[in-house]
Every structure is written in structure tokens, then in C-alpha cells.
Amino acid sequence: MISRVAESCFWMNRYVERVEVLARMLNVNRAFQLDTVISTSDRWRPLVIVSGEEKRFLKRTAEASVDDGETVQHYLTWEEDNPSSLASSLREARDNARTIRETVSLEMWETLNDLWVWFNDRAARRMYDRDRHEFYARLRDQCLLFHGIAQATMLHEDPFEFMRLGTALERAGQTARVLDIKHHSVGPTEGEVETPVEAAQWVATLRFCSGIEPFLKREDMPLSGKSVADFLLFDLAFPRSVLHNLLRVRNFLNLVRPPLPTPIGQASHAIISETIEGLEAMDIDRVLEAGLHETLTSVVSATASIGAAIHRDFFDPSLPTSAVGESSA
Amino acid sequence: MDNRSAKALFKNYQPLPGAFDECFDGEGRVRPEAATVIGLLEGLGERTFRSRQKLADTTFLKSGITFSVYSENRGAERIFPFDLIPRLIPAAEWQRLREGLEQRIRALNAFLADVYGDQRILAENTIPRDMVLGAKGYLPEMKGVHPPKGVHVHIAGIDLIRDEDGTFLVLEDNVRTPSGVSYVLENRMVMKKVFPGVFANAHVNGIEEYPIRLRDALESVGPAPDDQDGTVVLTPGPLNSAYFEHSFLARRMGVPLVEGRDLFVERDMVFAKTTLGPRRVDVIYRRIDDPFLDPKVFRKDSLLGVPGLVGAYAKGNVALANAIGNGVADDKGIYPFVPDMIRFYLSEEPILSQVKTYVCERDEDRKYVIDHIDELVVKAVNEAGGYGMLIGPQSTRRERQDFRQRISENPRNYIAQPRIELSTCPTWTPKGIEPRRVDLRPYIITGENTWVLPGGLTRVALVEGSYVVNSSQGGGSKDTWVLEEGPQ
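Since the model is a prediction, treat every value here as computed from it, not as a measurement.

1. Thoughts on the sheet that holds strand β17 (residues 414-418) of chain B
Residue and element names in this part refer to chain B.
Thinking step 1. If you walk across this open sheet you meet the four strands as β14-β17-β15-β16, and the pairing is antiparallel. At either margin of the open sheet sits one strand with a lone partner, and together these are β14 (358-359) and β16 (389-391).
Thinking step 2. Note that strand β15 (residues 376-380) and β17 share five bridges and pair antiparallel. Bridge pairing in β17 links V377 to Q417.
Thinking step 3. The strands touched by helix α13 (residues 397-409) within the sheet are β15, β16 and β17, with β16 carrying the most contacts at an inclination of about 135 degrees.

So this is what it looks like as C-alpha cells:
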């Protein structure tokens, strides 16, 4: 497929994933603040930090407003100048889809375009004001619907694999970031013993990843920082765990690579394999020993390197004349 | 027809005096060919009609059937206003139009082959040499270059109007990159959705095969062997006003949509950059104008084109649809000579009439235009979209003076025509259903054979009293129904 189109497939899904994750986090956080005694500054600041927006946010608003839920929600939802806001991610997702209308299925396009039209309409503002829970839930659900529609309406070949590649890579990074939130709120994770506030924080972390019920099905795992981190990093069956998604990234990369011995795809394959092997060589005890925050940081930076390698391999290849083959487009 | 509900929707309808109305005669009676459809619409009543119009508008917006607006913010998109009352063409009338269009395309294609070949028509002085070689769309670089299979005009849009007697006239030829066909197909899709009952009972010719016809025609002119062929649609990108159409056609043809940066030329062959490495391309349906196609040959500053593309084309390794240099054939200054072309190349009399045209380059014509400018429509030969135009009867003295001067300074650049009282069609307006002027752009596809899409794009001047149907100037569109022969 055309390299530029593959790139848009990849990014469209990354942005859809960002919308889904952020909408869910905002919703969970609103519920979370209602049922704990955690201080206001620890409730909202981490979301700003995790979205990489602390600097810009503080520049624009007074220091105190980082603790003000309304201001934070508005900034993360509507602010066009915030590249991580729902508004920005949704616009990027839809813009990418619009440049590949001939590639995405009609149903996918209509779902995404509908959501975008609604989001920019007064109706969405009204819902935001009157029923915030329903507002975020709708965003989250439409993103999930988008994936389901893709699965059921796209040809299961390269364009679809590049979309799923984008989703898996984004999910691996997002789960690592979400798991790191606690580091920014109640401090580093050390041992097994935890305060009620910490326990509540771990439940919220699982909810951020829609992982509370899946986690509870792991009966041998007590609710603790260690087991939550173990689950979110290593559980192969959990569709948002870091390792699950890294393995999917490798799988999709194998599907879109041309048959060997062409060099296309080698660089990204090398980095993803190295990342997976590094993680598989550890268990949760080794991770805590090395520091959870440090491990998560290295996972996040590995996903960035994988993204860059995918870009070089597939989206912006240099074109040696010897690579000009005889087969057709 | 149910007369009570009929009153509700069309009771105040007054055809415009002096213009031919597509559905009603001079006495305000429904024309026989329109009776079935008007009856079906009236059966709906005004309230239903209103809600269907709203449903149609929402459908366009939700499906993203929009055009980009250049002047406004990045990414600004608008829907092309759509009117639910279809424009009707009876089968027999259409049959004659179709034959006339096919004939015209044959002649225009022969003219292009000749102009970039032996130039017989110039040698015999059937068309003044200066008019042809001085046309902005004539590209001397293309002399001696023959497109694959000899096809220059793969896709044409010929604009037709009807005069006060109802006679169809050719107003303008578009043989470079005529746009609008996606609206024809989408309008039909929306009509079927909002008027399923009306549609099922009206016996309308289908148009859905257009993309497949287009793909077959494009593939039929591809120069590469079967195992190396590849067809693509080349777009300037998402900011282009017709981007929706480019994407739509690629999707419906099932071929890749590419931008210039997705292609490159190597050993005079065109390749696409794909995730599996370079792949050969041998047919390009390009929606980029000639000057931007290849910075090595035409505009050096073009970022939209593909360096080396013209070289590959000249070698015969890639087919471009439409061919390069077609602008000389749809130049408004060449238009007056098309009937002569038909006689010259085909030894036939033109089936379709066209509008009497004064060529300002000719001394006697120019004198007439300067003296009668207040009765005429003056057009710059290289402008489109309703720009660079003076409508004499609606102009101010200052505008007329300005155009007189422009004509004297650059006569080759202007033609003039009497103002035709364009036909009208009942159209929904905020004041109810009123007559609004319409034109018609049929689409003609040529590969190994020629095929005419039944109907075409009916554009409507939504502004009361307006003659300008262009979307850039307040125009909208209607579905066009070619009614099948048989029980109405």
C-alpha cells in the first residue's frame, strides 16, 4: 500500500486510542474523587502530567488551577491549543481518516465523522454541562465502536494491520503512562503495605485501563501495588497490558513486512524484539527492584523508538534505485 | 394526482415569464413527462417534504460530502446545497443529447490529436492558426507526443443549457479536469434514501456504474503489460476544494489515491512509494492541472507534481487522464469553432446546437461587442467558475466601461454571447417552491469506447433572478433523472 496512506492508518488509530484512554481517565477520575479522601491536588494534577502538558498548562493558568477539576477537565477536553486534548486528538484522528477516505470503510468514516460533528456541535457542550459522565462515556464508546466496525468491515490486510499496529503501540505506551500516575500522586511504589488512599489509587489505575473486573478474575492476586503493576505489565491475556500489546506490535509488523530478504522492516523488528526480550527477562520483583517508575519510563521511550523506526521503515523510506522491483502497485 | 395535497406543495408555483420551465408549461400546467414525478412529490405534502429536505442536508454533512473553502480557515468545509426536486429528462430527448455529446467528444479528441500532430486543420485554415497556437492551454512541449491508444479526452463534462424554446445548447466544453460527478452519484444516493417511494415509481435510469466504467476506460489505455500495471488517482491533497471527489472516485474504483509525493520517476517509468517498496504505475487519473504536473517541465515551484512525469508520459510509459495540453480544446476562444471541427474531422453536421459567440479577436465581432456590451455576456476565455465575466444587462456603467477597455487591450482573451434565458426548474426556497435557473453537465467517459452517464450534474442558481449556477457563487445542485421509456 501507499506509504503515506499506511502512515495515516497508523496515526488515525493512535489518535482514536488517545481519545478513548483520556475520556475514560477523565470519567474515572471524576468518580474517584467523589469516594476518597485524597487531596484535591493529587486528584487532577497527575492527569495533566501524564498527558505531558504540565508546562504548557501552568504557563496558561495560575498554579492553583492545576488542582481545580473543572479547569483541568476543560483544558484536557476542549482546549485546541493543547495537542493532547480530546478536541485535538479527535480532530487529528478525523483529519487522518479524511485523507484516507478511499481506504477506511464507509462505516468507519461515518462513525468517526459523526463523532467529530457531534463534538463540535452545541449538543456536545450541553451534554458536557448537564451529564458529564454520559459525555465521556459516549466518547469512549464511540472509539470502541470504531474498532469493532473496523474489524467487521475492513479487508483484513495491510491497511487494517497498520491501523491495529497503531492501536497496539499506543496502548502499550498509554498503559505504561497510566500505571505511572501513582508515582506522580502518592509517591513511589515500594512495598506491599499500603494505605487506604493508596489502595483506592490502585483501583482507580485499574479502572483507567478498564481492568478492574479482569484483575479480580485473577484470584491469586491481592489488591496491592505490586500485583496491579504485575497485571498491567505482564498479563498476556489482558488486552491493555504492556506486554500483550508489545507482542501484538511485533505480530502486526511481521504481517506487513515484505517477505525476506528485503531489508524493509528490519530496523523496527529489531527494536520491538529487543524491547520484548528485555521485559520478558524480568518479573515484577525485578521491576520493583529496578524501580517501577524507571522501568515504565524506559517502556515509554521504547515505544517512541519503535514508532520512529516504523516511520523510517514504512512511511518515509529512502529510495535506492536498486530497490525498484518489477511487480505492480 | 391527488389534487388536494398537490395544492399544498405546488399551488403557488409561477413559472418565470420568458424562460422555459422544466416541469410546467407556459400556462402553468404540468408537462406530461413530469406528471408522474410531480404527482408523487405532491402526494408527500409540504410538511413531509420539508422534513425530507432536512434529512438530506444532515445526510450530506454526516457523510462528509463536502467541499473545502479556500478563502476561509484551514480545513473549513461546506456542503454543496442540494435541492430535492429532481430535474427530469425524457428518454427520447436524452437519446439525442447522448448522440450529440458522443459526436462532440469524437471531434474534440480528433482536434487534439491533430493540433499536437500534423495540424491539418490549421493548414486548411478551418480554425485561425493564431487562435489555436495563441491559446493559453496550447502547450508546444506536447507537439509530437501521442498519448497511449490515442485518447486525449478520457473524461469530459460538457455544459448544456436550454433556451426559452427549450432547445438544448452547448455552453461550454470541459476536457481538462471536469469535476462534480461525485455529487451526481451522492445526490442519487441521498434521493433514494429520502424519497424511496417516489424513486421506486419514477422509472429512473441508473447511474451507479460510473466508477466501474471509468476504471475500465482508464485500464484500457494503460501501456504496461498486465503483470506490471497499476492505476491511481492523483490529487493535490485534502486542502483542494474537490478533494472529496478525488477520494470518492478512488474508493469507488478500488484504486489507490495518491499525492505527488507518493510517486517518483525512475528510468522514465512511474513508481509509487509503498510499504513493500516501489511499485509500477501505468495509468494516472490526475486531478492536478497541467502547469503543476511536473516541476521539471512546467511550473518549477510546483510541489504538487512529480518530477520526470512528463518525460515518462512522452516515452509512452504512462497514460495520463486527461492528456496533457487539452486546455486548447476547451478554450472559450476555440469553442465557436467546434461545429467546424465536427464537419472537418467527422464529415457530419453537429447534432447539438451551441450559443452564438462573438470572438473579440475578429475586428467586426469586437466592434459589435463594444457597441452592444449592455446586451451581451462577456467572458474571459481562461476563467472558470463564473469569474472574469460581465453580464451586460445586469452590469453598471463603470463595469461596462472597464470591460470595453479590457477587450480593446487584449481581444484574444474575450468572447461574448447573447444572454440566454436559462430554463428554470421548480426549486425549494425559504419562500416555498419557486422557479430557479438550471444548467446541466453530462459526463462522457472514453477509453476504447465512449460512454455517457445518463443525466449528469444539474446545477441550480439558488439566488432569485440569478443566472450563475457555480457553487462558488451561490449555486446548488439537483439530482437529474433520465426517465426510462415505457409506462410513466
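Picking up after the structure, the text goes on.
2. Brief notes about the domain arrangement of chain A
All names here are of chain A.
Thinking step 1. Entries for chain A in the domain assignment read domain 1 (1-153) and domain 2 (156-317).
Thinking step 2. The distance between the C-alpha centroids of domain 1 and domain 2 comes to 20 Å.
Thinking step 3. Across the contact, 33 residues belong to domain 1 and 34 residues belong to domain 2.
Thinking step 4. Summing both partners gives a buried area of about 2900 Å² for domain 1 against domain 2, and 69% of it is carried by carbon and sulfur.
Thinking step 5. Counting the surface domain 1 buries against domain 2, the share from its top three residues, F10, E17 and V50, is 19%.
Thinking step 6. One can count five salt bridges joining domain 1 with domain 2.
Thinking step 7. In this structure, the salt-bridge partner of E17 is R171, at a minimum N-O distance of 2.9 Å.
Thinking step 8. Here domain 1 and domain 2 share ten residue pairs in polar contact (both at pLDDT 80 or more) between them.
Thinking step 9. Breaking the side of domain 1 that touches domain 2 down by element, the ones donating at least two residues are α1 (3-34), α2 (40-50) and α8 (132-153).
Thinking step 10. Per element, the largest residue contribution to the side of domain 1 that touches domain 2 is 17 residues, and it comes from α1.
Thinking step 11. Residue classes in the side of domain 1 that touches domain 2 are distributed as 19 nonpolar, seven polar and seven charged.

3. Points about the sheet that holds strand β7 (residues 257-258) of chain B
Residues and elements named next belong to chain B.
Thinking step 1. One open sheet accounts for four strands, arranged β7-β6-β11-β12; its pairing is parallel. Both edges of this open sheet fall to β7 and β12 (319-321), since each of them pairs with a single strand only.
Thinking step 2. Pairing of strand β11 (residues 283-286) with β12, which is carried by three bridges, proceeds in the parallel orientation. What sits directly across from I284, in β12, is L320.
Thinking step 3. Lying over the sheet, helix α8 (residues 210-220) contacts β6 (231-234), β11 and β12, oriented at roughly 130 degrees with respect to β11.

4. Quick look at helix α6 (residues 181-194) of chain B
Thinking step 1. Its 14 residues give α6 of chain B an end-to-end C-alpha distance of 20 Å, which sits within 8% of 20 Å, the value for a rise of 1.5 Å per residue.
Thinking step 2. Counting buried residues along α6 of chain B, eleven of its 14 residues qualify, which places the element largely inside the surrounding structure.

5. Some words on the nonpolar core
Thinking step 1. L139 of chain A together with F111, I284 and M341 of chain B are the most contacted members of the largest nonpolar core, which totals 163 residues.
Thinking step 2. Looking at this core element by element, the count peaks at 14 residues for α1 of chain A.
Thinking step 3. If sequence neighbours within four positions are ignored, I284 of chain B has contacts with V232, L234, L263, V270, L309, V318, A319, L320 and A321 of chain B.
Thinking step 4. In this structure, V37, L84, F244 and A319 of chain B belong to the second largest nonpolar core, which totals 60 residues.

6. Topic: the pattern of salt bridges
Thinking step 1. In the structure shown here, the tally under the stated rule is 49 salt bridges over all chains.
Thinking step 2. A salt bridge links R91 of chain A to E92 of chain A, with the shortest nitrogen-to-oxygen separation between them at 3.9 Å.
Thinking step 3. Relative accessible area serves as the criterion here: at 26%, R91 of chain A is assigned to the partly exposed category.
Thinking step 4. Of the residues examined, E92 of chain A reaches a relative accessible area of 28% and is grouped as partly exposed.
Thinking step 5. For D479 of chain B, the salt bridge goes to R188 of chain B, with nearest N and O atoms at 2.8 Å. Here the residue D479 of chain B occupies a position in strand β23 (residues 475-482), and R188 of chain B occupies one in helix α6, the gap between them amounting to 291 residues. Each member of the pair, D479 of chain B as well as R188 of chain B, is classed as buried.

Procedures and definitions
- Residues numbered from 1 in each chain as written.
- Chains lettered and ligands numbered in written order.
- Predicted model: local features only at pLDDT ≥ 70, side-chain atom pairs only at ≥ 80, totals over all residues.
- Heavy atoms only, no water.
- Pairing = 2+ DSSP bridges.
- Helix = DSSP H or I, 4+ residues; strand = E, 2+ residues; numbered from the N terminus.
- Contact = heavy atoms within 4.5 Å.
- Axes fitted to C-alpha atoms, helices over the stretch in contact; angles between N-to-C directions.
- Domains from an automatic or database assignment.
- Buried area = accessible area lost by both parts, 1.4 Å probe.
- Salt bridge = Lys/Arg side-chain N within 4 Å of Asp/Glu carboxyl O.
- Polar contact = N/O pair within 3.5 Å; in protein donor to acceptor, adjacent residues only side chain to side chain.
- Nonpolar A, V, L, I, M, F, W, Y, C, P; charged D, E, K, R; others polar.
- Expected span 1.5 Å × (residues − 1).
- Buried < 20%, exposed > 50% of the residue type's maximum accessible area, 1.4 Å probe, protein only.
- Core = buried A, V, L, I, M, F, W, Y, C linked by side-chain atoms within 4.5 Å.

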